[in-house]
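Structure at a glance
Residue-level listing of the chains:
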Amino acid sequence: GFLPTGTSGLAESADGVRWTKINGPRADGSVFGPADDVDAWDGLHTGVGDVIREDDGSLLMFYFGGGGKAANGYRGLGMQIGRARSVDGGRSWTRCGSGADGAGPVLEARAEEGLFASWPRILRYDDKWVMLYHAFNGTHWRAFSATSTDAGLSWADRRLALDVGPAGAFDETGVGTRSVIKRGDHALMVYEGVDGGGTFSGTHRLGAATSSDGGRTW
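Figured I'd write up the structure that's included with this text. (Residues numbered from 1 in each chain as written. Predicted model: local features only at pLDDT ≥ 70, side-chain atom pairs only at ≥ 80, totals over all residues. Heavy atoms only, no water.)

The four strands are arranged β3-β4-β7-β8 in an open sheet whose pairing can be described as antiparallel. Looking at which strands have only one partner, the edges of the open sheet turn out to be β3 (45–53) and β8 (94–95). Two elements, β3 and strand β4 (residues 59–66), share eight bridges in a ladder whose sense is antiparallel. Counted as the bridge partner of R53 is L59 from β4. (Pairing = 2+ DSSP bridges. Helix = DSSP H or I, 4+ residues; strand = E, 2+ residues; numbered from the N terminus.)

Okay, structure coming up:
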């Protein structure tokens with residue numbers, strides 16, 4: 001398909017310029033990938049959204065994946081968001097999402113938002129975490145937000161965070177992948193916008209947005 005997903009690898013750098021790939025424990029050398037059960041919600045493909053370092057030194061990854069039932073006629077398109085943890089610097093990962101086995105998604109796709117929920121990014125505040133993710137409803141991409149008070153295991157208060165731009169704007173077809181950071185009392189988002197040339201054939205440019213309410217709206 002058109003999604004740049006599948007499995008995830010690891011690379012290390014001492015200067016942020018030159019990188020060396022690390023051979024992972026999976027058969028193909030990756031460090032994380034689809035579930036062993038191809039019928040699982042993330043059994044066909046996965047992608048990295050965000051990785052954060054916790055106080056104990058472990059790494060917590062929020063990833064997205066697809067599998068299970070078909071969405072809009074395509075298996076793997078109905079992506080959802082999961083959580084995994086690494087205690088060895090990202091070389092191996094254990095799923096720690098919902099359900100008794102920790103293998104379930106922490107944020108499921110909602111039909112009113114679109115066909116999937118994908119590419120999560122996390123802002124951490126003292127009393128809550130905010131997740132920014134985006135969905136596609138068949139014609140437009142839009143960014144949404146949700147909040148968590150249990151280190152990202154469950155998410156609530158989902159709402160539209162950043163809508164498409166007006167007709168003729170560089171982002172009139174959609175708001176897609178993005179990076180977010182806290183900056184003083186505000187938050188900054190740099191995002192990918194798609195113009196009116198078409199959902200998949202339009203020109204992609206970078207835009208910026210700010211939030212003054214803790215990353216909920218932009």
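On to the side chain of R216. Among the secondary structure elements, R216 is positioned in the segment after β15 (204–211). A polar side-chain atom of R216 sits 2.4 Å from the main-chain carbonyl oxygen of D157. Beyond its immediate sequence surroundings of up to four residues, R216 is in contact with K128, V130, S145, A146, T147, D157, R159, L160, A161 and S211. (Polar contact = N/O pair within 3.5 Å; in protein donor to acceptor, adjacent residues only side chain to side chain. Contact = heavy atoms within 4.5 Å.)

Attention shifts here to the pairing of strand β14 (residues 186–194). Bridge count between strand β13 (residues 174–183) and β14: eight bridges; the pairing is antiparallel. Each residue of the ladder has a partner; that of V180, found in β14, is M189. A loop of two residues connects β13 with β14, the two strands running antiparallel in sequence, and G184 in this loop sits at a positive phi of about 65°. As defined by bridge partners, β14 adjoins β15 across eight bridges and the pair is classed as antiparallel. Its bridge partner lying in β15, Y191 is registered against G207.

One finds F62, I81, L107, W129, M131, Y133 and W155 to be the most contacted residues of the largest nonpolar core, which totals 25 residues. Tallying contributions element by element places strand β10 (residues 129–136) first for this core, with five residues. Apart from residues no more than four positions distant in its own chain, W155 is found in contact with F62, V106, L107, I122, W129, V130, M131, A146, T147 and S148. Counting residues in hydrophobic clusters, the runner-up holds 13 residues, among them L132, A161, M189 and Y191. (Core = buried A, V, L, I, M, F, W, Y, C linked by side-chain atoms within 4.5 Å. Buried < 20%, exposed > 50% of the residue type's maximum accessible area, 1.4 Å probe, protein only.)

Time to look at unusual backbone geometry. Look at W119: it is not a glycine, yet its phi comes out positive at around 50°. Here W119 is to be found in strand β9 (residues 118–124). Positive phi outside glycine occurs at D157, with the angle close to 55°. Take D157: it is sitting in strand β12 (residues 156–162). What makes D157 partly exposed here is its relative accessible area of 41%.

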